[in-house]
Amino acid sequence: MKQIKFTVFSVLSAITAMAGIIVYLTQFSESGKLSIVERFEAVPDADSHLTQVDGIKYSRDGEIAYKWRASSAERLISDGSISLQAPSYIGNIADQRPWTASAKTGKLSQDGEQLTLLDTVLVKDLIRQAQITTELLRINLANSEVSTDQPLTLSLRNGKTHSLGMKASMKNERVELLDQVKGHYDPI
């Protein structure tokens, strides 16, 4: 008798469990809900948000080595870097001539030595009276080196040069276009 009750109880438990699974799947699987919680809020990755941010680095002699500015900045918890909106950079070539770079977004490394500009990057006066456009530009703030491995266009008033990648040293006033360099210039 005990064994029959145990068997009946086991069968009823299995049927109840199956019914629960069927109800759950029919009620929630088609709607995309896989939890009973009505609203899910993600935990943000940023722990601080600033607007109209300016960053300035001074040289040993008290002069401004470079400046960067952004419409907003958020410090990311995940890696300690700073996410920038509408960043712009002003640096000097061999401590003499200023050049600028701007983009839609950017990222400043946790140690503050690497600025990466992303999405519609525009560089002015890196090469005299020229503009460079690309989608990614890395600026090593510690040693004044600039690089990209992305396609770029170098525009002067009488023509354009296209290249895949670039390296530049601001201290040595040297710009090197890396690969697939092609250009067209009209006589002046």
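Here the structure is shown first, and the text comes after it.
Residues numbered from 1 in each chain as written. Predicted model: local features only at pLDDT ≥ 70, side-chain atom pairs only at ≥ 80, totals over all residues. Heavy atoms only, no water.

**Some remarks on the overall build of the protein chain**
No. 1: In terms of helices and strands, the protein chain carries one helix and 11 strands.
No. 2: Reading the protein chain from its N end, one meets helices and strands in the order α-β-β-β-β-β-β-β-β-β-β-β.
No. 3: Long-range contacts, defined here as pairs at least 24 residues apart, represent 34% of the contacts in the protein chain between residues at least 6 apart.
No. 4: Surface summary for the protein chain: the accessible area is close to 13,000 Å², and the carbon and sulfur share equals 55%. (Helix = DSSP H or I, 4+ residues; strand = E, 2+ residues; numbered from the N terminus. Contact = heavy atoms within 4.5 Å. Areas by Shrake-Rupley, 256 points an atom, 1.4 Å probe, with all protein chains shown as cover.)

**Side note on unusual backbone geometry**
No. 1: Residues other than glycine seldom take positive phi values, yet Q52 does so here, at roughly 50°.
No. 2: Structurally, Q52 is set in strand β1 (residues 46-58).
No. 3: You can call Q52 exposed: its relative accessible area is 62%. (Buried < 20%, exposed > 50% of the residue type's maximum accessible area, 1.4 Å probe, protein only.)

**What to know about the nonpolar core**
No. 1: By size, the foremost hydrophobic cluster in this structure holds 27 residues, and its most contacted members are W68, Y89, W99, L115, L137 and I139.
No. 2: At the level of elements, β2 (64-76), β5 (97-102), β7 (114-124), β8 (131-140), β9 (145-156) and β10 (159-169) are the ones that each hand at least two residues to this core.
No. 3: Not counting residues up to four positions away in its chain, the partners in contact with Y89 are Y66, K67, W68, W99, T100, A101, L115, I139 and L141. (Core = buried A, V, L, I, M, F, W, Y, C linked by side-chain atoms within 4.5 Å.)

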